[in-house]
Each structure stands twice: as C-alpha cells, then as structure tokens.
Amino acid sequence: MNKYLVFVEEKKKQIQDSVKNKSEKQLEYCMDLLELATKQSDDLNIGYAYVWIADYYFYTVFDMENTSKNLELAYPHIILSKDYELLINYYRLKGLEDEALGNYVDKVKCYLEILAIMKKTGIDDYYAICYGNIAISFQQSQDYEEGLKYCRMSEAYFKTKEDRYVNIQYLILQNNIGDNLYHLKNIEDLEKCIEEIRKINDEVGLKKQILALTLLRYNSLIKNEERVEASIKELYDSEIFNHSNIILKLEFLERMLECALNIKSETLCIQLLEKIDKIIPQKNQNIDINLQLNKVKYSLLFDEKAVDQRYKDFYENYKMISRNRNDSTINAINNIQAISKINARQKEIEEANESLRTEAILDGLTGLYNRRYLNEVRKIITENNISEIGMAIIDVDYFKEYNDFYGHVKGDEVLVTIATIMKNKSTDKIIPCRYGGDEYFVIFFDKTSDEINNWLQNISSILESENVEHLYSKCSDHITLSMGFDVRTVAENLNYMDIFEKADIAVYFSKRSGRNQIMQYSKGRK
C-alpha cells in the first residue's frame, strides 16, 4: 500500500475515533484529509472529508451555514460513488439539516434515498433508523398519530434484534415514542414506554436522562407539579448540560419547556428560556419553529404584552421557511409510497400509505371531528364569508379520578355521552370536536359571546340532568365540565391558534376558580 493510501486510512480512523469520542480534533483531522486528497485529485476522499466537516459543524457547534456549505461541496464528489456507507452518512446528515431548517418533506426524501441504497446493497442496518426519522418529520409537523405509527414500524425492526436493550438508537426511539404519546395524551401507553426504557441497559448513554424526560412528560400529563419540578431539577443536574452537542441540549430544553407550559409554571418557564438563550444565540433560535411557537405560548400565558411581537417573529420566519417546506402530512405521501417497494412488510406499509391518503378527521370513539378539523377552519371561513370566529375548550372535571375508580369502560361511556349531547346541539355554525383524552373543543362561526356562552351553559345543564354519578369529584357528586372560550373578528392576519390558546387559558382560570363553570378569556369573567 502506498504512502498516500496509508495516510488516508490513518486519517479516516482518526476522524471516526474523534466522532465516537466527541473530540474537538474532528475538524483538524478532516482538514488534513481534505488538503492531501485535493492535491491527489481524489474525489471520493474529498467528499468524505466534506461530509465529516459538515458533521462537525452540525453536531459540535450547530453552525447551519457551514453545515449546508460543506454538504453542498461534498455532493458532486460522492454522488456517483459506490461507497454506500458514505452515501448513507451524507443523506443522514442532509436529512438532519433539512429537519433543523423545517424542510420536513426534503428530510423524508433523504431517508427514502437511504432506503433505496439499502435495497440495492442488502445493507439492513438502517431500516429502523430511517423509519424513526420519518416519524420525527411527522412529529415536527405536529402530526403525532402518524409520528407514532412510523415509530412503531421502527420499533418492530428493533424487536427482531436481541441486542436492542444495549442499543442507544432503540433508546432514542423510545424517547420519540414517548414524545408522540405525550402530545396524544395517551397516559396508559406512556407508562408502558417508561417500563420499556427501564429495561434498557444502564450502561447505554443518556438512559438516565431520557428516562427522567419521559417521567417528566408523564407527570406533566397527570398535572403532578411537584414531580414535574423534581424531574426538571434532575435533568438540570444531569450530564446532559455538560454535553458538547448543542442540538441534544436544545432538544431536551424544548421538551422540558413544553411540560412546564403544560402545568402553567411561570417560574420553570423563565428558567428554561434563560438556559436556551445561554446555550444558543438568538439568530440560531430563529430556525427552530417549535421553539418560537413555545415562546408564543409562554407569552399568551404570562407576558401578554409580548404576544404580538412573538407572533410576528414566528410568522415571518414561518413564511421564510415555507418557501422550501410544504405540509409533510400531505405532500410526503407520494414520496413515502416508495417505501412499500423497499420494505419486506409491503402490506403493512401500503396500509400506512392508505391511511395517509385518507387522513381521516373523525374521532373513532365519539364520532366527533378530531383535532385535524382545525386545518379546515381557514377554508370554511373563506368559502362562507365568515366574519366572527369563536373557539371553546371543554374539560371533564376530575376525569382521571373517574377513570381510576369507575374504570376506563365507564370513562369511555362518559366521553360518548358528552359528545352525543354536543352533536345533538350542533349546527353548520357550531362544530364540536374531540381534541383527545377528556378534552373537547368547539368552533363557532358568526356567533356572539353571549350566544357561545348560552350554548355552553345549555350543554352543561343537559349533562347535569343526566346526573352521571362521580363520587370522587372534588366539585360535585356527578360529572361536570370546565369550559373556556374566546371569540374574534376575522381578519387577514388572524391566527386561529391564538384563539385556541386563549380558550385554553380561560379553561385554566375556570379550573383555578373551582371548576364546573364557564370563563371567557377576553372579558375575564364567567
């Protein structure tokens, strides 16, 4: 072997060791390889160096400009290469870049390229990872049902491997499953996810932190504020914030912020936002749509004077990103169809694609519309010349206690009873929907505040006449509802989620004031 090839192999080994050990020397070794490969006009190793330089800028310093630049430089050198592992790493990193920039459809395309390479070469190490990353695209688009579906497909591959409990990728997958279940408010399956994480070997990196994060999500859902605070403190004190990977730190902080917002803890939210500001500069925060949206939610809860500016920042950035981003739930369909030709589980994938195509908007238990109906609001307003829009959120009081003592079957019967009452009082201008768990929302078109209040009061009175026993409620001896609503005049720049968020805040004040009542956000009154 000549001296040049010996040098190349040595540098590649140094690069891989530095990646594995998270060494700052990764960039130095890559530049050494790039310099000599350029002198030798060695296309493949020029591309290799650029890919791992991009890896350094993405993971170590979160410099998106240099990540994109080096991936662009790598592409012409490797695209015709038969080094399939290098191509897989290129598309993996390109997918992560697209995810960070909000280009979720392009990210899915990258993982489809990896799937195609695996089919061509017989490499099967990345199937689970590809499906897991496609799942993340749906999560980032807030389509958590589809996100969970592709997580389960990834999990099915892992479960064929005896070594999954010592595999960090399986741990990361369980973290993503927990994230989807949290947003779907599926407490029962979240408990199972926690048990699966506990089975993973303690030596697997990040196990302690991911377990703490999943417990945080669980305690946030059941509104155990004391345990939420304890979980956040445990994460603060963990090694995660000594980690060199900025992306990893930011991901944990975002999830912690979501949970703090869910229990409406201003103190925890302020602490978390301060940590985010210290870890990454404001200019890099602008590329993270979900972080910006959480800042909007914070302002809606605790800093109303800043709401307009934060909505403006969010909207301007969303417009910038949307030039390259379409709604992945709809536009990824044609790309994801290709998966069915790659995966041995062809029937399963085709069924998944059919589900994507139909994208049902009906809740299976109650027959009400589900939360995807929110996507129809703008179209309805435009087509029907609507001038006023209102939204109400309805929570069943002490529903967890009802489930605990009467059982989930009886709990489902209560949910159906409430849904039936609302359906019987619905019109083409009053659309009741189920958000998930024990939460409903109702969309009102061209209804005044008094009309909305009267409708909600009527629903509450009818339910009261049903006299559904609830001896474990702390506000009544039968099932009751806490309700909150807001109503706005339709304007060109109106964000409908703003009304939804403020209705949610009104519900919070309804609960804080004793439950079993109706609150209107804009007037701060019953």
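Here the residue numbers are simple positions, counted from 1 along each chain's written sequence. Given that this is a predicted model, residues contribute local features only at a pLDDT of at least 70 and side-chain atom pairs are listed and counted only at 80 or more, while totals for whole chains, interfaces and linings are drawn from all residues. Excluding hydrogens and water, the side-chain figures rest on all heavy atoms present in the structure.

Trainee: Is there a simple way to explain helix H2 (residues 26–39) in this structure?
Mentor: One turn of the α-helix equals 3.6 residues, which is why residues spaced by three or four share an orientation. Here H2 is 14 residues long and its end C-alpha atoms lie 20 Å apart, about the 20 Å a rise of 1.5 Å per residue gives. Relative accessibility decides the category of a residue: with a 1.4 Å probe and only protein chains considered, values under 20% of the type maximum give buried, values over 50% give exposed, and everything between is partly exposed. Under the scheme used here, helices are H or I runs from DSSP no shorter than 4 residues and strands are E runs no shorter than 2 residues, and both carry numbers assigned from the N terminus. Inspection of H2 places Gln-26, Leu-27, Tyr-29, Cys-30, Leu-33, Leu-34 and Ala-37 among the buried residues, and these make up the whole buried set. Angular distribution of buried residues about the axis of H2 spans 160°; they occupy a single face of the element. Those residues of H2 hidden inside the fold are in contact with helix H1 (3–20) and helix H3 (43–59). Positive phi appears at Ser-41, one or two residues downstream of H2, with a value of about 50°. To estimate the expected span of a helix, count its residues, drop one, and scale the result by 1.5 Å. Picture the helix axis, draw a direction to every C-beta atom, and the arc is the one those directions span. What makes two residues a contact is simply this: any of their non-hydrogen atoms within 4.5 Å.

Trainee: Which parts of the structure should I look at to understand the pairing of strand E2 (residues 430–436)?
Mentor: The two faces of a sheet get side chains in turn, since along a regular strand they alternate between them. Within E2, six of the seven residues are buried, which leaves the element mostly enclosed by the surrounding structure. In short, DSSP must find at least two bridges between two strands for them to pair. Both E2 and strand E3 (residues 439–445) contribute to a ladder of six bridges, which runs antiparallel. Residue pairing in the sheet places Cys-433 in a bridge with Phe-441 of E3. What sits between the antiparallel neighbours E2 and E3 is a turn of two residues, in which Gly-437 has the positive phi angle 55°.

Trainee: Where do I start with the sheet that holds strand E1 (residues 388–396) in this structure?
Mentor: Each strand in a sheet pairs with its neighbour through backbone hydrogen bonds, running either in the same direction (parallel) or in the opposite one (antiparallel). Taken in spatial order, the five strands line up as E2-E3-E1-E4-E5 in an open sheet, and their pairing is mixed. The outermost strands of the open sheet, each flanked by one partner alone, are E2 and strand E5 (518–520). Direction aside, neighbouring strands of the sheet carry axes that sit 20° apart on average. Bridge count between strand E4 (residues 481–489) and E5: three bridges; the pairing is parallel. Counted as the bridge partner of Met-483 is Ile-518 from E5. Fitted lines through C-alpha atoms give the axes, limited to the stretch in contact for helices. The angle between two N-to-C directions lies from 0 to 180 degrees. Where helix H24 (residues 449–466) meets the sheet, it contacts E1, E2, E3, E4 and E5, and its direction lies at approximately 160° from that of E4.

Trainee: Looking at this structure, I do not really get the packing of aromatic side chains. What am I missing?
Mentor: Any aromatic ring pair is given by two values, namely how distant the centres are and how the planes are angled relative to each other. Side-chain rings of Phe, Tyr and Trp, where Trp is taken by its six-membered ring, are said to pair if the distance between their centres is within 6.5 Å; with planes under 30 degrees apart they count as stacked, over 60 as edge-to-face, and otherwise as tilted. What the rule picks out here adds up to 21 aromatic pairs. Seen from their ring centres, Phe-399 and Tyr-402 are 6.4 Å apart, and the 10° between their planes marks the pair as stacked. Residue Phe-399 and its partner Tyr-402 are both found in helix H22 (residues 399–406); the two are separated by three residues, about one turn of the helix. Residue Phe-399 is classed as buried on the basis of its relative accessible area, which comes to 8%. Ring plane angle 80° and centroid distance 5.5 Å describe the contact between Phe-444 and Trp-455, whose orientation is recorded as edge-to-face. One end of the pair, Phe-444, is in strand E3; the other, Trp-455, is in helix H24, with 11 residues separating them in the sequence. Among the residues examined, Trp-455 registers a relative accessible area of 9% and is labelled buried. Among the aromatic side chains, those forming a connected cluster through ring pairs are Phe-399, Tyr-402, Phe-405, Tyr-406 and Tyr-472. Put simply, a charge is over a ring when the Lys NZ or the Arg CZ is close to the ring centre, within 6 Å, and near the line of the ring normal, within 35 degrees. The lysine or arginine in question, Lys-12, covers the ring of Tyr-48, its NZ or CZ lying 4.6 Å from the ring centre.

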